[in-house]
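Structural description and commentary
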Amino acid sequence: MKEYKGIIVDILNRRQFKGKIIVDENLIFSIEECDHDFDQFILPGLIDAHVHIESSMTVPSSFARMVVSRGTVAVVSDPHEIANVMGEKGIDFMIENAQKTPLKIYFGVPSCVPATPFESAGSILDSEIVKRMIARDDMFFLSEMMNFPGVINEDREVMEKINAAKKNKKVIDGHAPGLRGENLKKYVQAGISTDHECFSYEEAIDKIKLGMKILIREGSAAKNFDALFRLIDEYPNDVMLCTDDSHPDTLLEEGHIDKMIRKGLKNGLSIYNLLQTSSVNPARHYGLDIGLLQKNDSADFIIVDNLNDFNVTETVIGGKTVFKNNEIFIDSFFSSPVNVFKAEKIKLSDLVLKPESEKIRVITVEDGELITGQKIVQAKIKDENVISDLENDILKMLVLNRYQVEKPQIGFIQNIGLQRGAIASSIAHDSHNIIAVGASDEDILAVVNRLIENKGGIVVGDSSEQLSLELEIAGLMTQKNGEEVAAIYKQMIAKTIEFGSELKSPFMTLAFMSLLVIPELKLGDKGLFDVNSFNFIDLFVKE
C-alpha cells in the first residue's frame, strides 16, 4: 500500500481537510483525516473533455508524456482527423498506441467522415460502419456532429448514426457554431448533448437553457475561455473544459487543462466549480472510469503546491505515479507508420490563375478564431496571372487533393501577413489535403513540393530553402517525442515571423481555412466554398 498526505480537496462534498490517502494497488483503500505538516494539496485528476490528439502532431503515447505533467489523467478523444485519412484502420492505430500508456484515453466514433460531401477525403465512415463501430466496447461516444444542417433537416444518413448511438446508450457530441433559435432546438432535440464551438456568452446561455453541456475551449488557435469563463461559476454543472486542438509547444509551455484552472483562479472563480467542470462533469457525462478522490475509486489524482499557482508536482493514474518532481514515468513506444499519400509534385503553371474579371472574393481571417469573413477586392494581375498582393496582405493560397492526382484549387486570403516565403501543411481540416499560402507562386511551389516529397507534414520556406517537420503517421503525427517536435515547430514559427506573419499559431490557423463547416468562406480541394449557403461560389466577381 502507498500513503499520500496533504490537504485533501473533497470536490463532491466541497470541503478541504488535512488527511492521508491510502492506495491499494489501483484503488483508493481509505481516506482519513489526520494532522500533519504537509502543505501540498491533493485533488482529483484533470480531464480534457474534447481533444483531437492528432493536433499535438504526436501519437497518443507521446501526447501522454506531455499532459500527465500538467495533471491530466484522462482525455475524451475524437480520432476524427486520422479517420478522415485512413478510416477505421486509423482509429485502430490510435487505440493500439494509446493502450501502451497509463493516460486514460477514451475514444469516440467520428460522426462526419468526411465532414461534407464537398471535399475529397481518404475514407468514408457511413452509417453502416458507424453502427458497427458504436457498438464496440472501446468506443465511448459519437463524436462531434458537425453536420448540423443534416440534423435539422433530418437527413437519413445522419439520423441513422444518431439513432445508433442512442440504441447503444452512447453520448452524442455536438459542433454547431453560431446555431440559435428554432434550428438549435431541433439540433438539441435530436439528442446532441454538448457543444465546444460557442464564441459568445449569449450563445452559450441559449444552449445551456436547452439542456446542452458547454465545453469551454482553450487551444492553440481557438481560445474562448475569456469570453465564457463566467459560466463556470454561474452554471457549474453544465460546463466542461477542453483544448480541442493544441500544438506541442502550447502543451509544453502553456499547459493543458491546468492552464485553464490557473486562468480561472486568477479571475476569482471557485476552485470547487473549476474542479467540477474539469473532473466531475466529464467523468459523469461520458461515463468514464475515473476516480474522483473517494473511497474505492480508481486512484486517479494529482498533487499541487498551492491553489493559486496550481503547479502540479505529482500525477497518479490507476495507483501508479506517472509524474513526480519534473520526472515522467512513461516509456516511449513505437508503432509501424501508417499513411495514405498519392499526390504528385506540381508545376509552376499549375499556380497560374488567369483573370476572369478584375475583382475576386477573399477570405479574411482573425487571429485566434476559426470563423472567417469575406470581402471583394481588386485583383492584382501580372502577365495574365492573379498574384499575391503584398501591399494589401492578400496572399494566394492553394488546396491540393492528397488522395489522388489532381490540379490544385486556388483562392486568396487576407491577414496571414507573409511578406515573403510560404507555408504548407498536410494538416488541413477536415480531410487533410495539402494547404499552402505564400507571397509568390515560386515560394508556394517550393513548399508544396517539399511537402509532397516528405509524404506529409508541415513546411515553411521560400524558393531557395525550406524547413520541414515530417509527419510520417497519416501526414498528421510523428513518433518523435513532444520536446523534439516542439523545438522544430518553434523554429518554424520563428521563420514565419521572420517572413512577416504576426499570427500566434500560423499553421493551426491555416489548417482551418479548408474547414467547410465553419463560416464564412473557406477553400477546399474542389473550390471556394460559402459555408453560409453551403455551396461553392466563384472566386471571380463578374458584374
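Attention here is on the structure that accompanies the text. (Residues numbered from 1 in each chain as written. Predicted model: local features only at pLDDT ≥ 70, side-chain atom pairs only at ≥ 80, totals over all residues. Heavy atoms only, no water.)

**Considerations on helix α7 (residues 201-209)**
Let me state the cut-off plainly: Think of it in three bands: residues with accessible area under 20% of the maximum for their type are buried, residues over 50% are exposed, and the middle band is partly exposed, with areas taken using a 1.4 Å probe on protein chains only. A run of H or I in DSSP counts as a helix once it spans at least four residues, and a run of E counts as a strand once it spans at least two, with each numbered from the N terminus. Contacts between residues were defined by any pair of non-hydrogen atoms, one from each residue, lying within 4.5 Å.
Within α7 the residues assigned to the buried category are Y201, E203, A204, I205, K207 and I208. Next to the buried residues of α7 lie α6 (181-189), β10 (194-195), β11 (213-217), α8 (225-228) and α9 (230-234). One or two steps after α7, the chain reaches G211, where phi turns positive at roughly 105 degrees.

**Observations regarding the nonpolar core**
For clarity, the threshold we go by: To define a nonpolar core, start from buried Ala, Val, Leu, Ile, Met, Phe, Trp, Tyr and Cys residues and group those joined through side-chain atoms within 4.5 Å.
L398 and V448 are the most contacted members of the largest nonpolar core, which totals 180 residues. When residues of this core are assigned to their parent elements, the largest contribution, nine residues, is made by helix α2 (residues 80-98). When near neighbours in sequence (up to four residues on either side) are disregarded, L398 contacts I346, L351, P408, Q409, I410, I434, I435, A436, I444, V448 and L523.

**Considering the side chain of T116**
To keep things clear, this is the line we draw: By the criterion applied in these results, polar contacts are pairs of N or O atoms within 3.5 Å in which, for protein atoms, one can donate a hydrogen and the other can accept it, and in which residues neighboring in sequence qualify only through two side-chain atoms.
Relative to the elements of secondary structure, T116 occurs in the loop between β7 (104-107) and α3 (127-134). Since its relative accessible area comes to 2%, T116 is described here as buried. A distance of 3.1 Å separates a polar atom in the side chain of T116 from the backbone nitrogen of F118. Sequence-distant contacts of T116, defined by excluding residues within four places in its chain, comprise L516, V517 and F534.

**Looking at unusual backbone geometry**
Put simply, V113 and P114 share a cis peptide bond, and its omega is -5 degrees. Within the element layout of this structure, P114 appears in the loop between β7 and α3. Cis rather than trans, the peptide bond between P519 and E520 has omega equal to 15 degrees. With respect to the helices and strands, E520 occurs in the loop between α15 (506-511) and β27 (521-524). One non-glycine residue, N325, lies in positive phi territory at about 50 degrees. With respect to the helices and strands, N325 occurs in the loop between β15 (320-324) and β16 (327-328). Since its relative accessible area comes to 58%, N325 is described here as exposed. Phi angles above zero are rare outside glycine, and K455 is one such case at about 60 degrees. Note on placement: K455 falls in the loop between α13 (441-454) and β25 (457-461). Overall, the relative accessible area of 40% leaves K455 in the partly exposed class.

**Focus on the pattern of salt bridges**
For clarity, the threshold we go by: A pairing counts as a salt bridge when a side-chain nitrogen of Lys or Arg comes within 4 Å of a carboxyl oxygen of Asp or Glu.
Tallied over the entire structure, the rule returns 35 salt bridges. A salt bridge links K396 to D441; its shortest N-O distance comes to 3.1 Å. Of this pair, K396 sits in strand β21 (residues 394-400) while D441 sits in helix α13; the two residues are 45 residues apart in sequence, bridging distant segments of the chain. There is no split in this pair, since K396 and D441 are both buried. Salt-bridge contacts for E498 lead to R420; the nearest nitrogen and oxygen are separated by 3.2 Å. Here the residue E498 occupies a position in helix α14 (residues 482-498), and R420 occupies one in the loop between β22 (409-414) and β23 (422-425), the gap between them amounting to 78 residues. With relative accessibility at 40%, the residue R420 sits in the partly exposed group. Within this structure, E88, D92, R132, R136 and D138 form a network of salt bridges that share partners.

**A look at the packing of aromatic side chains**
Applicable threshold: Two aromatic rings from Phe, Tyr or Trp, using only the six-membered ring of Trp, form a pair when their centres are within 6.5 Å; if the ring planes differ by under 30 degrees the pair is stacked, by over 60 it is edge-to-face, and anything between is tilted. The rule for a charge over a ring is simple: NZ of Lys or CZ of Arg within 6 Å of the ring centre, and within 35 degrees of the ring normal.
Following the criterion strictly, the structure yields 10 aromatic pairs and no others. Seen in terms of ring centroids, Y106 and F140 are 4.9 Å apart; in terms of plane orientation they differ by 85 degrees. Their pairing is edge-to-face. Here Y106, found in strand β7, pairs with F140, found in the loop between α3 and β8 (141-145); they are 34 residues apart in sequence, far enough to count as distant. For Y106, a relative accessible area of 9% translates into the label buried. Ring geometry for F118 against F536: centres 5.7 Å apart, planes inclined by 85 degrees, an arrangement best described as edge-to-face. Taken together, the residues F118 in the loop between β7 and α3 and F536 in strand β29 (residues 535-536) connect sequence positions 418 residues apart. On the accessibility criterion, F536 (38% relative accessible area) is partly exposed. Taken together, the ring pairs in this structure connect F118, F529, F534 and F536 into an aromatic cluster. Seen from the ring of Y201, R230 lies directly overhead, with NZ or CZ sitting 3.8 Å from the centre.

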